[in-house]
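Observations on the model geometry
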Amino acid sequence: MTARSLPAAALAGPPRGAGWSMPRLAPFLFLLPIAVSLGSVSLYPILNGLWLSFTNTSLVTQEHDFIGLENYAQLLGDDLFWNAWRHTVYFTVVSTLAETALGLVMALLLVERFAGRSIVRAAMLVPWAMPTVVTSKMFGWLFDGQYGVVNWALRESGLIAENINWYGSIDHAMTTIIIADVWKTAPFMALLLMAGLQTIPKSLIEAARMDGAGPVATFVHVRLPLLMSTLLIAGMFRALDAFRVFDLVYVLTGGGPADATETLSTLSYKTLFSALQFGYGSAMATAMFITEALIAIGFGFFIMRKMRAPR
Amino acid sequence: MTRTPKTPAGGKGGIQRRQFMMGAGVAAGAAALGMPRLARAADRVEISFASAKFQGTETIGNVVDTFNESQSKIFVKYIELPPPSSSTEVHQALVQQLARKNGSPDVFTQDVIWIAEFAAAGWALPLDEYFGGVKSQFFDGTIDACTYDGKLTALPWGIDSGMMFYRKDLLDEIGAKVPTTWAEMTEQAMKLQADKKVKFGFLWQGKQAEVLVCDAVSVLASNNAAILAADGRSSTLATDKAVEAIQFLHDTINKYKISPADVLSWDEEPSRAPFTGGEAAFLRNWSYVYVLAQDEKSSKVPGKVGVAPLPHFEGGKSAGCLGGYQYGINANTKQREAAVEFLTWMASPETQLRFALKMGIAPTRPAVFDDATLGKEQPFMQSLKTVFTGATPRPKTPKYPQVSLAAQSGISRALVTGKVKEELEAAAKKIDAIVSKA
């Protein structure tokens, strides 16, 4: 551009076409970086996983052919898969319910004023801050069938006569893992619910009290209804997270005994990285994704209804 | 990766620092000064060596250091992988690296069970050209395990096998001989337990993991049974002999009560601890236990532990599961000569002797086995020679990982539920489906 043409262009204003398109394009340009980064780290792996699930890709056999829905057909008839699916759903439901209930109790306690509250609040978060692998090892020793302190305590107190084989028997292995998970994650639920409790106006609780409502009635008729959307959102987070349980199972039992603690994460891990069947393993992962989506939709339905409902 | 690499001339750190200073300096100057730097870097070929972590009074890093100091042409960078008890992680780490086909790591060690898989995938360099001439210097069995499809694709490093550890002092007390059959062992274990001499008669590993397959192969083969047929195309896990063998493992817990039900969730270390703690009479485990059992500081039974081949069934013969790690060269290595030279040194009798003395890794060369120093310093290794004679490999198939997972699941189910025949039949069917596709 020459020096002489500059003022002329400025006087004439931007050309009509350019001025018309720039403001429309700008938002998309601003969105481009995030779209590219999300697309490459989130969308692409999902689509690639989906594509792999339609192939017989295996590192061992070096095959990589499109086989349509064959993997899914095999999956439907695979009792190991359904076994893991049931365990995962069971684990998700039980641990989420237990953690929500326990977390709610903790939150109700911690929202009250008492001496040393801030120390208790901080201490409560220690289990959550601990790496799960450490938790797993710790619970491995606590619940050790021969030398564990849990068996010792139960024996000394006369509750059991013989040692319980915590994670070496089909009856107790899943329970042990759920106990470990509840210990670790209930504080996280407590934290979320405590934040929810703090948003409830004090005036409402005072009003209830003046109307003669006791603590239980206040909780049932004032706090709980107002806490419902927080509960649902926290529950959804927890359920989606619990569905992916891996470390606890992997470290404590390896999925055994007799596949009694096999979950979808550990099974697809074994299929993908131990047996190196990328195609079949991806089909498993996709099935897991679908189940998770259904859980999210279920929760989402209630959350939306809750939010739309007039207060 | 734990060890700081050491080089005799100045140290690697020095070279890197120099490179960094040049980069930070004037660009034109760096270009001019670049020549001597390149010459320095090129005076050593660098190769990487990935191995599972073995422990003893020395580490693999110490041995690699010795190689680096012994000559000035090759520099080996040691990459430490998890210990062999975390077999799946080691396997995964190797596969992820090898599948990239970029030549890294140049040299690696592999569990015997992966040799077929790595060879079939084309990741392991055939070694006949380089080591074909020295094959006869190794145990026939290990060479066989290192051969896939007629080609030598791995080089023997260490032989190990399942073996029986027993308490010499306790057997003397009851005036019993070292048991050679499962029935004898069971009888002695029950007696020692009844006499309150030990808490547990016999410890083994039943965790749903690779080690369960090892324990299973030992009892199966000692009853002339196996997981796969000889041609590797079908499963023989549901034959009467096989059912009888797995039933015995179930009986140790439920019928004879010489094993706690906890073994169903134990792998090597949890089962080793009660034994070296003096609470068990017999233990099935690998050779590493001996060094720990003799350690005055951590063991309650130093000097009281004997090693023998695992017992067998009437009409069978002892069959410890063959284990051990073997060397391999990455088929995509760009430093083939250096890798071969490094392996020649690593597989030499001298290095094998050192691995044996310092880390309890039994030599794969019979000649080293008979070495006088070895006999003097580790007399127990002499008795291991008979243990290794009967060592039985696990199924040889490129689909081994899948076969193993199916076997783990099926055998664990059989042991826990007690429906041995039913569960083994189901497992055999699954394994058939896997191997018939190969």
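Being a predicted model, the structure only gives us computed values, none of them experimental.

For chain B, the count of helices and strands is 20 helices and 14 strands. Scaling as 2.2 N^0.38, a compact globule of 438 residues should have a C-alpha radius of gyration of about 22 Å, and chain B matches this with 24 Å. For chain B, the spread of C-alpha atoms along the principal axes amounts to about 85 × 50 × 40 Å. When each of the 438 residues of chain B is scored for burial, the buried share is 51%.

Take the overall build of chain A next. Along the backbone of chain A there are 14 helices and 0 strands. Each helix and strand of chain A, placed in order from N terminus to C terminus, yields the pattern α-α-α-α-α-α-α-α-α-α-α-α-α-α. Against the globule reference of 19 Å for 311 residues, chain A gives a C-alpha radius of gyration of 27 Å, more extended than a compact globule. By its C-alpha atoms, chain A is 100 × 75 × 35 Å across when sized along the principal axes. For chain A, with 311 residues in total, the buried portion stands at 34%. Partitioning the contacts of chain A with sequence separation of at least 6, the portion at a separation of at least 24 is 70%.

Further remarks concern the interface of chain A and chain B. Interface size is often expressed as the accessible area that is lost when the parts come together. On the chain B side, the residues contacting the 23 residues of chain A number 25 residues. Sort the elements by how many residues they give to the side of chain A that touches chain B and helix α13 (residues 264–274) of chain A lands first, with 3 residues. Class assignment of the residues belonging to the side of chain A that touches chain B gives a composition of 10 nonpolar, 11 polar and 2 charged.

Turning our attention to the pairing of strand β1 (residues 45–52) of chain B. Residues and elements named next belong to chain B. Most of β1 is tucked away, with 6 of its 8 residues classed as buried. With 8 bridges joining them, β1 and strand β2 (residues 74–81) adopt parallel strand pairing. Bridge pairing links A52 to L81 in β2. Each parallel crossover has a hand, and for β1 linked through helix α3 (residues 60–70) to β2 it is right-handed.

This next bit is on the sheet that holds strand β13 (residues 325–329) of chain B. Strand pairing in a sheet is mediated by backbone hydrogen bonds. Such pairs are either parallel or antiparallel. Residues and elements named next belong to chain B. Across the sheet, which stays open at both edges, the 5 strands sit in the order β2-β1-β3-β13-β6 with mixed pairing between neighbours. Looking at which strands have only one partner, the edges of the open sheet turn out to be β2 and β6 (155–156). Bridge analysis of β6 against β13 gives 2 bridges, and the strand direction is antiparallel. Following the sheet pairing, P156 is matched in β13 by Q326. Running over the sheet, helix α14 (residues 336–346) touches β1, β2, β3 (107–111), β6 and β13 and is turned about 50° from β1.

Residue and element names in this part refer to chain B. Overall, antiparallel pairing links the 3 strands, which are arranged β12-β7-β14 in an open sheet. Looking along the sheet, the strands with just one partner apiece sit at the ends: β12 (322–323) and β14 (362–363). With 2 bridges connecting them, strand β7 (residues 158–161) and β14 associate as antiparallel partners. Paired with G158 across the strands is P363, a residue of β14.

Here we come to the packing of helix α10 (residues 210–221) of chain B against helix α19 (residues 400–417) of chain B. Residue and element names in this part refer to chain B. Their axes nearest at 9 Å, the elements α10 and α19 cross at an angle of 75°. By the angle between their directions, the pair α10 and α19 is classed as roughly perpendicular. Contacts between α10 and α19 involve E210, L212, V213 and A216 on the former and, on the latter, S404, A407, Q408, I411 and S412.

Turning our attention to unusual backbone geometry. A cis amide bond, omega -5°, links S104 of chain B with the succeeding residue P105 of chain B. Along the polypeptide, P105 of chain B turns up in the loop between α4 (87–99) and β3. The phi torsion at A258 of chain A lies on the positive side, around 50°, for a residue other than glycine. Along the chain, A258 of chain A turns up in the loop between α12 (247–252) and α13. Residues other than glycine seldom take positive phi values, yet K101 of chain B does so here, at roughly 55°.

Here the focus is the environment of S118 of chain A. Residue and element names in this part refer to chain A. Turning to its location among the elements, S118 is positioned in helix α5 (residues 117–124). The exposed category is assigned to S118, around which 9 C-beta atoms lie within 10 Å. Between the C-alpha atoms of S118 and L193, which are 75 residues apart in sequence, the distance is 16 Å.

With that out of the way, let us pick up the nonpolar core. Ranked by size, the top nonpolar core spans 181 residues in total, and within it F165 and I246 of chain B carry the most contacts. Once you skip the residues sitting within four places of it in the chain, I246 of chain B turns out to touch A216, V219, I411, A414, V420 and L424 of chain B. The next biggest cluster of nonpolar side chains, apart from the first, holds 10 residues, and it includes A84, L264, M284 and A285 of chain A.

Another aspect to go through is α3 of chain B. All names here are of chain B. Among the residues of α3, I60, V63, V64 and N68 are the ones counted as buried. Summarising the axial view, the buried residues of α3 lie within an arc of 145°, below the 170-degree limit, and thus occupy one face. For α3, the exposed residues lying more than 90 degrees away from the buried face are E69 and S70. Taken together, the buried residues of α3 touch β1, β2 and α15 (349–359).

All right, on to the environment of F273 of chain A then. All names here are of chain A. Along the chain, the position of F273 falls in helix α13. On the neighbour-count criterion, F273 (20 C-beta atoms within 10 Å) is buried. A C-alpha to C-alpha distance of 33 Å links F273 and Y147, two positions 126 residues apart in sequence.

Looking at chain A, pLDDT values average 86 and 91% of them are 70 or higher. For chain A, per-element mean pLDDT is lowest for helix α1 (residues 5–12) of chain A, which scores 47, and highest for helix α4 (residues 79–111) of chain A, which scores 93.

Glancing now at the confidence of the model for chain B. Residue and element names in this part refer to chain B. When pLDDT is averaged along chain B, the result is 85, and 90% of the positions lie at 70 or above. Low pLDDT, under 50, characterises residues 1–41; the stretch is placed with 27 contacts to residues that sit more than four places away or in other chains. With a pTM of 0.78, the predicted complex shows an ipTM of 0.76.

Rules and cut-offs
Residues numbered from 1 in each chain as written. Chains lettered and ligands numbered in written order. Predicted model: local features only at pLDDT ≥ 70, side-chain atom pairs only at ≥ 80, totals over all residues. Helix = DSSP H or I, 4+ residues; strand = E, 2+ residues; numbered from the N terminus. Rg over C-alpha atoms; globule rule 2.2 N^0.38 Å. Buried ≥ 20, exposed ≤ 12 C-beta atoms within 10 Å, placed from the backbone. Contact = placed C-beta atoms within 7 Å. Nonpolar A, V, L, I, M, F, W, Y, C, P; charged D, E, K, R; others polar. Pairing = 2+ DSSP bridges. Right-handed = clockwise from strand over helix to strand, strands pointing away. Axes fitted to C-alpha atoms, helices over the stretch in contact; angles between N-to-C directions. Parallel < 35°, antiparallel > 145°, perpendicular 65-115°, else oblique. Core = buried A, V, L, I, M, F, W, Y, C linked by C-beta atoms within 7 Å. Arc of directions from axis to C-beta. pLDDT = per-residue confidence, 0-100.

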